[in-house]
Amino acid sequence: QQTKMQESDNKNLIKDFNVLKREISILKNELNSINDQKEIWFKKKEDLKKEVLALIDEIKVLRDKKDDFNKKVKDLKLERDKYNKEVKEKIEKIKELNFKKKDISKDKKVITSPGALKENINKLELMIETEALSLEKEKKLMKEIKKLKKEYEKFKDVKNIGNEANVISNEINEAKEKAQDFHKKIQNIAKESQNYYEKLNEFSKKIKELNAKQEEAFEHFLRFKNQFVEKSRLLEEKLKETGNYGKEIETSKAKKEKKQKFKKEKKIEEKIKDVEEKLKKKIN
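Visitor: Could you clarify how one ought to interpret the overall build of the chain in this entry?
Guide: The secondary structure content of the chain amounts to 3 helices and 0 strands. When the elements of the chain are put in sequence order from the N terminus, they spell out α-α-α. Within the chain, the proportion of its 284 residues that are buried is 23%. Contacts spanning at least 24 positions in sequence make up 92% of the contacts within the chain whose residues lie at least 6 apart. Entry remark: accessible area of the chain is about 22300 Å², with carbon and sulfur atoms responsible for 52%.

The structure is reproduced here in structure tokens:
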């Protein structure tokens, strides 16, 4: 009865051991599958990280270029403003000259024909040089010549003012052209700078999207990593169990062999006794 029970226990032990081995095999397959998923998501996370780093490098280049453009725009604005200031200053100068010319022209004594004025001066001077004039008459003519010359000088002032105004007007046109030229350059660079600004926004938006995907990939990686750790722990426990089962089976097997050996030896002893008994009977 005891032998039967032991045999039954051995069978159950082997059965449980085989079930355990199947569970270990399933666990190993699950572990490999989980590890594959874990590595896939880790690689995806790393690939996304590389994309982000590449975009960050591009953004740095774009920012440097944009900073260069901003500096150029700043320098060009200084040049443009310098010429615009020059234009304003020269316009004020023109206004001053026009006021001065207007004030001189208001004087009724100014003769509008400089040729006639000069001709009168020459005529009176010739009279003094060629005619025999009384002292009083000569003084009178000299006084008239002085007066006419004064008028002539006033006219010359008006003319000089006009010439100066023309020169300044030309300088204003040149300064305006230069200011306009710098303004066009500013507009062109501003357009390029705007393109870089739009690219910066586009890259920043893309980085934000990639970071979100990278975070999602990392969450998947962590989930599979935790599963991998849990399954590894369970597999380790199962493998320890197989060791214990192995020991029990080996012990049971050793006991069985020992028992079989004992039976065999007992059987041999019984046969020897039987032979000895038969020999004794023959001798007697």
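Visitor: Explain the environment of Ile40 to me, please; I cannot follow it from the model alone.
Guide: Among the structural elements, Ile40 can be located in helix H1 (residues 2-106). Spatially, the C-alpha atoms of Ile40 and His220 are 9.6 Å apart, while their sequence positions differ by 180 residues.

Visitor: Whenever I open this one, the pattern of salt bridges confuses me. Can you help?
Guide: Two side chains bearing opposite charge may form a pair once their charged atoms approach each other closely. With the rule as written, the count across this model stands at 13 salt bridges. In this structure, the salt-bridge partner of Glu230 is Arg233, at a minimum N-O distance of 2.4 Å. Taken together, the positions of Glu230 and Arg233, both in helix H3 (residues 135-283) and 3 residues apart, correspond to about one turn of that helix. Look at Arg233 and you get partly exposed, because its relative accessible area is 38%.

Visitor: Would you take a moment to explain the side chain of Lys66 for this structure?
Guide: Its place among the elements puts Lys66 in helix H1. For the buried residue Lys66, which engages in no salt bridge, the nearest side chain bearing the opposite charge is Asp67, 6.1 Å off. Ignoring any residue separated from it by four or fewer positions in sequence, one finds Lys66 in contact with Ser193, Tyr197 and Leu200.

Visitor: I tried to follow the packing of aromatic side chains on my own but got confused; where do I start?
Guide: Each aromatic ring pair is described using two quantities: the centre-to-centre distance and the angle formed by the ring planes. As enumerated under the stated definition, the model contains 4 aromatic pairs in all. Consider the rings of Phe69 and Tyr196, whose centres lie 5.3 Å apart with planes at 35 degrees: the pair is tilted. Taken together, the residues Phe69 in helix H1 and Tyr196 in helix H3 connect sequence positions 127 residues apart. For Tyr196, a relative accessible area of 16% gives the class buried. Grouping aromatic residues by their ring pairs yields a cluster made of Phe42, Phe218 and Phe221. Above the plane of the ring of Phe228 lies Lys38, whose end atom (NZ or CZ) is 5.2 Å from the centre.

Visitor: What's the story with the environment of Asp68 in this structure? I'm lost.
Guide: Its place among the elements puts Asp68 in helix H1. C-alpha separation for the pair Asp68 and Ser193, spaced 125 residues apart in sequence, amounts to 9.2 Å.

Visitor: I'm lost on the side chain of Lys45 in this one. Help?
Guide: Its location among the elements puts Lys45 in helix H1. Reaching out from Lys45, the side chain makes a polar contact with the side chain of Glu46 at a distance of 2.7 Å. Residues in contact with Lys45, not counting those within four places in the same chain, are Gln214, Ala217 and Phe218.

Visitor: Explain the confidence of the model for the chain to me, please; I cannot follow it from the model alone.
Guide: Detail in the predicted coordinates should be disregarded across regions flagged by low pLDDT. Looking at the chain as a whole, its pLDDT mean stands at 78, while 76% of the residues score no less than 70. Mean pLDDT values for the elements of the chain range from 74 in helix H2 (residues 114-130) up to 81 in H1.

What counts and how
- Residues numbered from 1 in each chain as written.
- Predicted model: local features only at pLDDT ≥ 70, side-chain atom pairs only at ≥ 80, totals over all residues.
- Heavy atoms only, no water.
- Helix = DSSP H or I, 4+ residues; strand = E, 2+ residues; numbered from the N terminus.
- Buried < 20%, exposed > 50% of the residue type's maximum accessible area, 1.4 Å probe, protein only.
- Contact = heavy atoms within 4.5 Å.
- Areas by Shrake-Rupley, 256 points an atom, 1.4 Å probe, with all protein chains shown as cover.
- Salt bridge = Lys/Arg side-chain N within 4 Å of Asp/Glu carboxyl O.
- Lys, Arg positive; Asp, Glu negative; His and termini not counted.
- Phe/Tyr/Trp six-rings, centres within 6.5 Å; stacked < 30°, edge-to-face > 60°.
- Lys NZ or Arg CZ within 6 Å of the ring centre and 35° of its normal.
- Polar contact = N/O pair within 3.5 Å; in protein donor to acceptor, adjacent residues only side chain to side chain.
- pLDDT = per-residue confidence, 0-100.

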